[in-house]
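Structure assessment
What follows is the residue order along each chain.
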Amino acid sequence: MSVQFYYVMHLTGILPVFTAYGLLIARSMLGSSEPAPRKLGAIASGVGLVLILISGFALLAKLGFGWPLWSFIKMGVWLLLGGLIVGVNRAPQLSRIWFWVVITLGFVAVFSVYLKPGA
């Protein structure tokens with residue numbers, strides 16, 4: 001498959017991850033105990049994270065980057081985003097903090113891919 005396909009797949013994976021965290025954090029801030037948003041958020045973030053992982057590794061291989069520092073930074077962000085769902089669901093009282101953590105992780109990912117530290 002083409003590099004453009006993997007770029008689109010990567011960006012398409014990013015959308016549901018951040019949308020899901022927005023949904024889960026808003027649910028926490030509103031004090032809702034409705035299970036449907038929690039389930040939808042978990043599914044959307046899981047599917048998005050899988051798309052990001054597959055397309056990210058495919059892009060590294062297709063573009064011949066190897067394993068630069070910025071790719072490890074992005075893998076760390078991916079791991080933190082994957083584990084963040086537990087914190088958001090188990091500590092809803094920290095929803096304002098989770099909001100800023102999600103934004104910071106997104107910033108770190110964008111920063112690392114565009115400025116490529118260690119490249």
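Rules of the game
Residues numbered from 1 in each chain as written. Predicted model: local features only at pLDDT ≥ 70, side-chain atom pairs only at ≥ 80, totals over all residues. Heavy atoms only, no water. Helix = DSSP H or I, 4+ residues; strand = E, 2+ residues; numbered from the N terminus. Expected span 1.5 Å × (residues − 1). Buried < 20%, exposed > 50% of the residue type's maximum accessible area, 1.4 Å probe, protein only. Contact = heavy atoms within 4.5 Å. Core = buried A, V, L, I, M, F, W, Y, C linked by side-chain atoms within 4.5 Å. 1 Å grid on protein atoms, 1.4 Å probe; cavity = no way out; pocket = protein on both sides within 12 Å on 5 of 7 lines; lining within 4 Å. Points joined across faces, edges and corners; volume = space filled by probe spheres on them. Nonpolar A, V, L, I, M, F, W, Y, C, P; charged D, E, K, R; others polar. Phe/Tyr/Trp six-rings, centres within 6.5 Å; stacked < 30°, edge-to-face > 60°. Lys NZ or Arg CZ within 6 Å of the ring centre and 35° of its normal.

Further remarks concern helix H3 (residues 69-90). Counted at 1.5 Å a residue, the expected span for H3 with its 22 residues is 32 Å, and the 32 Å between its end C-alpha atoms agrees. Of the positions making up H3, those classed as buried are Trp70, Ser71, Val77, Leu81, Leu84, Ile85, Gly87, Val88 and Asn89. Packing partners of the buried residues in H3 comprise helix H1 (3-30), helix H2 (35-63) and helix H4 (95-115).

One can find serine 28 in helix H1. Setting aside residues no more than four positions away along its own chain, serine 28 makes contact with Val88, Pro92 and Ser95.

Position of phenylalanine 5 relative to the elements: it lies in helix H1. C-alpha separation for the pair phenylalanine 5 and leucine 59, spaced 54 residues apart in sequence, amounts to 9.5 Å.

Right, let's get into the nonpolar core. Val17, Tyr21, Leu81, Leu84, Val88 and Trp98 are the most contacted members of the largest nonpolar core, which totals 16 residues. Contributions of two or more residues to this core are made by H1, H2, H3 and H4. If you tally residues by element for this core, the top one is H3, at five residues. Ignoring sequence-local partners within four residues, the contact set of leucine 84 consists of Tyr21, Trp98, Val101 and Val102.

Its boundaries defined by the atoms lining it, the largest pocket holds a volume of some 760 Å³. As for the largest pocket, its lining consists of 27 residues, of which His10, Ile14, Lys74, Ala109 and Val113 are closest to the centre. For the lining of the largest pocket, the secondary structure elements donating two or more residues are H1, H2, H3 and H4. Of the residues assigned to the lining of the largest pocket, the class counts are 21 nonpolar, four polar and two charged.

Moving on to the packing of aromatic side chains. To describe a pair of aromatic rings, one takes the distance between the centres and the angle between the planes. All told, the structure shown has six aromatic pairs when counted by the stated rule. Plain terms: the ring middles of phenylalanine 5 and tyrosine 6 are 5.4 Å apart, the flat faces sit at 75° to each other, and that makes the pair edge-to-face. Given a relative accessible area of 14%, tyrosine 6 falls into the buried group. The structure contains a cluster of three or more aromatic residues connected by ring pairs, namely Phe57, Trp67 and Phe72. The positively charged end of lysine 116 is found above the aromatic ring belonging to tryptophan 70, 4.7 Å away from the centroid.

These figures come from the coordinates and say nothing about function on their own.
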